[in-house]
Amino acid sequence: MKPASAFARLFGTLALAAAVGAGCGGESSEGPPAVDASGAVDASNNPGVDAGSECDDPCLAPPEHGFQVGSTGTTIQPGEDVEYCETVLIPGDASDTYYVKRFESQMTLGSHHLIVQAAAVGSDVEAALPEPGEPWPCTGPMGPQGEGGAGIFSTELLPVTGAQHPYHEETFPDGVGRIYHGGQKLIFDYHYLNVTDAPLPARALVNFHTADPSEVQIEARDFAFMNFNIPTPAHQDSSFTKSCQFSADVMVYKLIRHTHQWGTDFTAWYDGGDQDGEEIFTTPNYETTDFIFSEPVMIPAGQGFTWQCNYHNDTERELHFGTEATDEMCILFGVWWPVDPNAEVGFQGCF
């Protein structure tokens, strides 16, 4: 099954997830420090599993309320920088509806990112996806190429979660969450860079923490603001700034920085309105990714965010935007929902 090749859909989802660890080939399985609304760094980490427990790698305790799903996975050979997609099924059947308030994910070491999306029930993408169990090479979490492939603004691929650290946790505010159905197909997109001399297992687990339907009145969505034009010459520093706006009135709950290892300071500001130019947050490096507003903020149509990516290129080559761990990226992701829950609002992003 050949994957779709539309480059602009590379990271069209996530929170992701951010959707990219401790970065590339990192040795820590702890969660990333988060930046709170005051700009301070919260270094606390979810302990995940008791220190004395025994389980296969990756090790993630299943949720008390909800379910756990995982990829079959593959093996990454020494020196490989590769990305795979894999179909995974949500348990149950079409009569089961799951209201999700929290996600956890755990990947084996060597991970560059994990992005998980759900195929809309009854969609062409759902019909075209292969059965679970056999990963295929891909570039981003896309449906297969051909008539079942999804376009850049497709509503046929729905966000789940994403991570650039081996362990990641994502929780939604009161009244907000995500809704899925038994038997629904998920796409696990996992990217690995093996900088060791031995083969590495590549596998990921995701916990869906479910809640009462009354606790999920609004479905959270993801946006992606991207800057593809970031050439940075060898042994030089660079800085790139871009602004993007929303096409509808939206509530924004979280912003997510995404660069690779050469990214230094990353700053976001409001664009437009009374707060135009007001700084929201700065993170010092590519491993400090998430900013959560103390209260969700309303951004009117025609307004948005400005963000700046700074780089220190200590290599012998020019860095460009690209899909491999040895490339760079400059992306502002975020989690949002329509101000009017009944409004039909399409994908929000700029490329």
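Remember, it's a predicted structure, so these values are computed and weren't measured experimentally.

> Looking at this model, I keep getting lost on the overall build of the protein. Mind explaining?
A count of helical and extended segments in the protein gives 1 helix and 24 strands. Taking all 351 residues of the protein together, 53% fall into the buried category. Accessible surface, the protein as shown: approximately 14,200 Å² in total, 47% of it carbon and sulfur.

> Honestly, the sheet that holds strand 8 (residues 136-137) in this entry has me stumped. Any pointers?
In any sheet, the strands associate via hydrogen bonds between backbone groups, in a parallel or an antiparallel arrangement. The strand order across the open sheet built from 5 strands is 8-5-12-7-9, with neighbouring strands paired in antiparallel fashion. Across the chains shown, the open sheet's two edge strands, defined by having one partner strand only, are strand 8 and strand 9 (157-163). Pairing of strand 7 (residues 111-119) with strand 12 (residues 185-193), which is carried by 7 bridges, proceeds in the antiparallel orientation. Within strand 12, the residue paired with Ala-118 across the bridge is Leu-186.

> Can you help me understand the confidence of the model for the protein in this one?
Parts of the prediction with low pLDDT should not have their coordinates interpreted in detail. Across the protein, the average pLDDT comes to 83, with 80% of residues at or above 70. Predicted confidence is poor over residues 1-52, with pLDDT under 50, and the contacts of this stretch with residues over four places away or in other chains come to 165 contacts. The low-confidence segment residues 143-153 (pLDDT under 50) makes 32 contacts with residues lying over four places distant or belonging to another chain.

> Quick question: what am I supposed to make of the pairing of strand 18 (residues 250-258) here?
Residues in a regular strand project their side chains so that they alternate between the two faces of the sheet. Counted residue by residue, strand 18 has 9 buried out of 9 residues, so it is predominantly covered. Alignment of strand 18 against strand 21 (residues 290-299), held across 6 bridges, turns out to be antiparallel. What sits directly across from Val-250, in strand 21, is Ile-299. As judged from the 8 bridges shared by strand 18 and strand 23 (residues 331-338), these two strands associate in the antiparallel manner. Paired with Leu-255 across the bridge in strand 23 is Gly-334.

> Would you explain the pattern of salt bridges in this entry?
Applying the stated criterion across every chain, the model contains 6 salt bridges. A salt bridge links Arg-102 to Glu-169; the shortest N-O distance between them is 2.8 Å. Within this pair, whereas Arg-102 is found in strand 6 (residues 97-107), its partner Glu-169 is found in strand 10 (residues 167-171), the two being separated by 67 residues in sequence. Residue classification places Arg-102 among the partly exposed residues on the basis of a relative accessible area of 21%. One salt bridge in this structure joins Lys-254 and Glu-170, with 3.8 Å as the shortest N-O distance. With Lys-254 in strand 18 and Glu-170 in strand 10, this pair connects stretches of sequence that are 84 residues apart. Both residues of the pair, Lys-254 and Glu-170, belong to the buried class.

> For this particular structure, what's the right way to read the nonpolar core?
Considering soluble globular proteins, one finds that nonpolar side chains tend to be buried as a cluster. Judged by nonpolar contacts, the single largest core of 35 residues is most densely connected at Phe-223, Phe-225, Val-252, Leu-255, Phe-305, Trp-307 and Leu-332. Residues within four places of Leu-255 in sequence aside, it is in contact with Phe-223, Ala-268, Ile-280, Phe-281, Thr-289, Asp-290, Phe-291, Phe-293, Phe-305, Leu-332, Phe-333 and Gly-334. With 32 residues, the next largest nonpolar core counts Leu-114, Val-160, Val-206 and Met-251 among its residues.

> What am I meant to see in the state of the cysteines here?
Here a disulfide denotes a covalent bond joining the sulfur atom of one cysteine to the sulfur atom of another. Here the structure, examined in full by the defined rule, presents 3 disulfides. The disulfide partner of Cys-85 is Cys-138, and the S-S distance across this bridge is 2.2 Å. An S-S torsion of about 85° defines the bridge between Cys-85 and Cys-138 as right-handed. With Cys-85 in strand 5 (residues 81-89) and Cys-138 in the loop between strand 8 and strand 9, the pair connects residues that are 53 residues apart, well separated along the chain. According to the relative accessible area criterion, Cys-138 is buried, its value standing at 8%. The disulfide partner of Cys-309 is Cys-330, and the S-S distance across this bridge is 2.0 Å.

> Honestly, the environment of Ile-218 in this entry has me stumped. Any pointers?
Along the chain, Ile-218 falls in strand 15 (residues 216-219). Here Ile-218 falls in the partly exposed class, since its relative accessible area comes to 22%. Residues within four places of Ile-218 in sequence aside, it is in contact with Gly-175, Val-176, Gly-177 and Trp-337.

> What am I meant to see in the packing of aromatic side chains here?
Each aromatic ring pair is characterised by the separation of its centres together with the angle its planes make. In the structure shown here, the tally under the stated rule is 21 aromatic pairs. With a centroid separation of 6.5 Å and an interplanar angle of 35°, the aromatic rings of Tyr-253 and Trp-337 are classed as tilted. Of the two residues, Tyr-253 sits in strand 18 while Trp-337 sits in strand 23, which places them 84 residues apart along the sequence. Of the residues examined, Trp-337 reaches a relative accessible area of 6% and is grouped as buried. Plain terms: the ring middles of Tyr-270 and Phe-305 are 6.1 Å apart, the flat faces sit at 40° to each other, and that makes the pair tilted.

> Would you take a moment to explain unusual backbone geometry for this structure?
Among all residues except glycine, the phi angle is most often negative; among peptide bonds, the trans geometry is most common. The phi dihedral of His-235 falls on the positive side, at around 60°, and the residue is not glycine. Structurally, His-235 can be placed in the loop between strand 16 (221-226) and strand 17 (237-245).

> Teacher, can you tell me more about the sheet that holds strand 20 (residues 279-283) here?
Overall, antiparallel pairing links the 4 strands, which are arranged 17-22-19-20 in an open sheet. Of all the strands in the sheet, the pair left with one neighbour each is strand 17 and strand 20. Direction aside, the axes of adjacent strands within the sheet are offset by 15° on average. Bridge analysis of strand 17 against strand 22 (residues 304-312) gives 9 bridges, and the strand direction is antiparallel. Looking across to strand 22, one finds that Thr-241 is bridged to Gln-308.

Criteria and cut-off values
- Residues numbered from 1 in each chain as written.
- Predicted model: local features only at pLDDT ≥ 70, side-chain atom pairs only at ≥ 80, totals over all residues.
- Heavy atoms only, no water.
- Helix = DSSP H or I, 4+ residues; strand = E, 2+ residues; numbered from the N terminus.
- Buried < 20%, exposed > 50% of the residue type's maximum accessible area, 1.4 Å probe, protein only.
- Areas by Shrake-Rupley, 256 points an atom, 1.4 Å probe, with all protein chains shown as cover.
- Pairing = 2+ DSSP bridges.
- pLDDT = per-residue confidence, 0-100.
- Contact = heavy atoms within 4.5 Å.
- Salt bridge = Lys/Arg side-chain N within 4 Å of Asp/Glu carboxyl O.
- Core = buried A, V, L, I, M, F, W, Y, C linked by side-chain atoms within 4.5 Å.
- Disulfide = S-S within 2.5 Å.
- Phe/Tyr/Trp six-rings, centres within 6.5 Å; stacked < 30°, edge-to-face > 60°.
- Axes fitted to C-alpha atoms, helices over the stretch in contact; angles between N-to-C directions.

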